[in-house]
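Tertiary structure, described
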Amino acid sequence: MRTSEKTTTYRAAVVGGSGFTGAELAELLVRHPSLELVAVSSDTQAGSPVAESLPRVRTGLDFCRHDEVADVDAAFLCLPDKAAAPIAKRLLDEGTAVVDLSPDFRLGIDDYREWYGEHPHPEMLPGVYGLTELHRDEVAAARLVANPGCYPTAALLALTPLLALDVQDVVIDSKSGVSGAGKTPNARTHFCSVDSDVTAYATAGHRHYPEIVAGLTRGGGHPDITFVPQVVPLQRGIQETIYVRTAERPAADDLRALYAEAYDGEPFVDVCDAPPSLRDVARTNRCRIFPTVDERTGRVLVVVVIDNLLKGASGQALQNMNVMLGLPEQEGLC
């Protein structure tokens, strides 16, 4: 950390910078007025110039190895499950503020074991869940924040205001761009597999399901939850159409007022008068929500859109770090 007469600059690192989320974070950090990007790691590309493989990241840095990241004030971990936890522990012991974009700290020990296996550091579970709009005070006091998954970010922002109406049953129809599957190609994400098609997957259970359940049951409710993810032929973006049965049937105007009050003053959440488009949120940290009531059935219908790589990952990670360091929450974001 460097402090001048008027400003404080924090030294920041991206651990796992060669994937989609790491690249997005590095690009955000090179433009951030209070965070200086001093390290980008990749064990497979160590020693090569960052700008050579990530030309949008205008830096003269070379990739370093993950274990070489040290002496930083803020670190963003963009690694697979189980790979992030040991690095998070080391950096925390060194006094670094950490936002982890992997699933390593999102769940309690029992849920983690069920969905991912044994945790490298179970004593650290769970971390502070970094859905900033819902847990801002906890994030501000934390040194380790678990950045939410992309699907849960959209679902929980869309559904949390409804908990006041005693949610009984939820069906989440989720559609994601191909970048949500990560940078490493496979048969399911090949262009020929996704072009001109929509494909449901993980219908027997997606790893983001326990995050959604935890968020909706934290207040003591126990709604039935069905979550169906689908891949659509887009680079980025998540659109969820959510169908909800509540104990009491709200009027459309009252529902709108409920959401307006819940997100009043939130810089990155918009409550809309019509179903939002993915174009409205592309390459931004914004979430747009349209709540309404199906008058024929009494179900609440909520449509929500985010950019999966920004509000669903890297942008939200930076939003969390801004809060952790006491910086303006919107700094470096749009």
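In this report, we go over the structure that sits alongside the text. On a predicted model such as this, the values are computed, not experimentally measured, just so you know. (Residues numbered from 1 in each chain as written. Predicted model: local features only at pLDDT ≥ 70, side-chain atom pairs only at ≥ 80, totals over all residues. Heavy atoms only, no water.)

**Points about the packing of aromatic side chains**
The tally for this structure, following the rule as stated, stands at three aromatic pairs. Between the aromatic rings of Y151 and F227, the centroid separation amounts to 5.2 Å while the plane-to-plane angle is 70°, which identifies the pairing as edge-to-face. Taken as a pair, Y151 in helix α6 (residues 150–159) and F227 in strand β11 (residues 224–231) lie far apart in primary sequence, 76 residues in all. Given a relative accessible area of 2%, Y151 falls into the buried group. Since its relative accessible area comes to 8%, F227 is described here as buried. (Phe/Tyr/Trp six-rings, centres within 6.5 Å; stacked < 30°, edge-to-face > 60°. Helix = DSSP H or I, 4+ residues; strand = E, 2+ residues; numbered from the N terminus. Buried < 20%, exposed > 50% of the residue type's maximum accessible area, 1.4 Å probe, protein only.)

**Looking at the pattern of salt bridges**
Applying the stated criterion across every chain, the model contains 25 salt bridges. Of the charged contacts, one joins R249 and E295 as a salt bridge, the two residues approaching to 3.5 Å between their closest N and O atoms. In this pair, R249 is assigned in the loop between β12 (238–246) and α9 (252–262) and E295 in the loop between β14 (287–293) and β15 (300–306), connecting sequence segments 46 residues apart. Judged by relative accessible area, R249 falls into the partly exposed class, the value being 49%. Where R288 meets D280, a salt bridge forms, and the shortest distance between an N and an O atom there is 3.6 Å. Judged by its relative accessible area of 38%, D280 is partly exposed. (Salt bridge = Lys/Arg side-chain N within 4 Å of Asp/Glu carboxyl O.)

**So, the environment of C64**
Tracing the chain through its elements places C64 in strand β4 (residues 63–64). A residue is classified by how much of its surface remains accessible, and C64, at 13% relative accessible area, is buried. Taking the C-alpha atoms as reference points, C64 and Y112, separated by 48 residues in sequence, lie 30 Å from one another.

**Some details on the packing of helix α1 (residues 20–29) against helix α10 (residues 314–324)**
Interaxial distance between α1 and α10 falls to 9 Å at its minimum, and their mutual angle equals 50°. With respect to each other, α1 and α10 are oriented oblique. Judged by the twist between their axes, the crossing of α1 over α10 is right-handed. Residues T21, E24, L25, L28 and L29 of α1 lie in contact with α10, whose contacting residues are S314, G315, A317 and L318. Here the contact of α1 with α10 is composed, by residue class, of five nonpolar, three polar and one charged. (Axes fitted to C-alpha atoms, helices over the stretch in contact; angles between N-to-C directions. Parallel < 35°, antiparallel > 145°, perpendicular 65-115°, else oblique. Left-handed = near helix turned anticlockwise from the far one by under 90°. Contact = heavy atoms within 4.5 Å. Nonpolar A, V, L, I, M, F, W, Y, C, P; charged D, E, K, R; others polar.)

**Observations regarding the environment of G95**
Within the secondary structure, G95 sits in the loop between α3 (84–93) and β6 (97–100). In this structure the C-alpha to C-alpha distance between G95 and Y10, which are 85 residues apart in sequence, comes to 13 Å.

**Re α10**
For α10, a buried count of 11 out of 11 residues is recorded, marking the element as mostly surrounded by other parts of the structure. The set of residues buried in α10 consists of S314, G315, Q316, A317, L318, Q319, N320, M321, N322, V323 and M324. Looking one or two places after α10, you find G326, whose phi comes out positive at around 75°.

**Re the pairing of β12**
Relative to β12, strand β9 (residues 167–176) runs antiparallel, the two sharing nine bridges. Considered in β12, the bridge of V167 is made with T246. Of the strand pairs in this sheet, β12 and β15 are connected by seven bridges, and their pairing is antiparallel. Residue E240 lies in a different strand from β15, and its bridge partner there is V304. (Pairing = 2+ DSSP bridges.)

**Brief notes about the side chain of H208**
Structurally, H208 is set in the loop between β10 (199–200) and α8 (209–217). Among the residues examined, H208 registers a relative accessible area of 11% and is labelled buried. Here H208 is in contact with R106, G149, C150, Y151, P152 and F227, once residues within four sequence places are set aside.

**With respect to the nonpolar core**
Counting 38 residues, the largest nonpolar core has L162, I172, I242 and I289 as the members making the most contacts within it. Looking at which element gives the most residues to this core, the answer is α6, with eight residues. The residues contacting I289, other than those within four sequence positions of it, are L157, A158, Y259, Y263, V269, D270, V271, C272, V302, V303 and V304. (Core = buried A, V, L, I, M, F, W, Y, C linked by side-chain atoms within 4.5 Å.)

**A word on the sheet that holds β12**
In spatial order, the strands read β10-β11-β9-β12-β15-β14-β13; together these seven strands make up an open sheet with mixed pairing. Each edge of the sheet is formed by a strand with only one pairing partner; in this case those strands are β10 and β13 (269–271). Contacting β9, β11, β12, β14 and β15, α6 runs over the sheet at an angle of about 40° to β12. On top of the sheet, α8 reaches β9 and β11; it is set at about 140° to β11, its chief contact.

**Concerning the pairing of strand β3 (residues 35–41)**
β3 sits mainly inside the fold: five of its seven residues count as buried. For the crossover from strand β2 (residues 8–15) across α1 to β3, the handedness is right-handed. In the sheet, β3 pairs with β4 via two bridges, with the strands oriented parallel. Bridge pairing links V40 to F63 in β4. (Right-handed = clockwise from strand over helix to strand, strands pointing away.)

**Some words on the environment of K89**
Positionally, K89 belongs in helix α3. A C-alpha to C-alpha distance of 9.3 Å links K89 and L144, two positions 55 residues apart in sequence. Apart from the residues within four sequence positions on either side, K89 is in contact with H121, E123 and M124.

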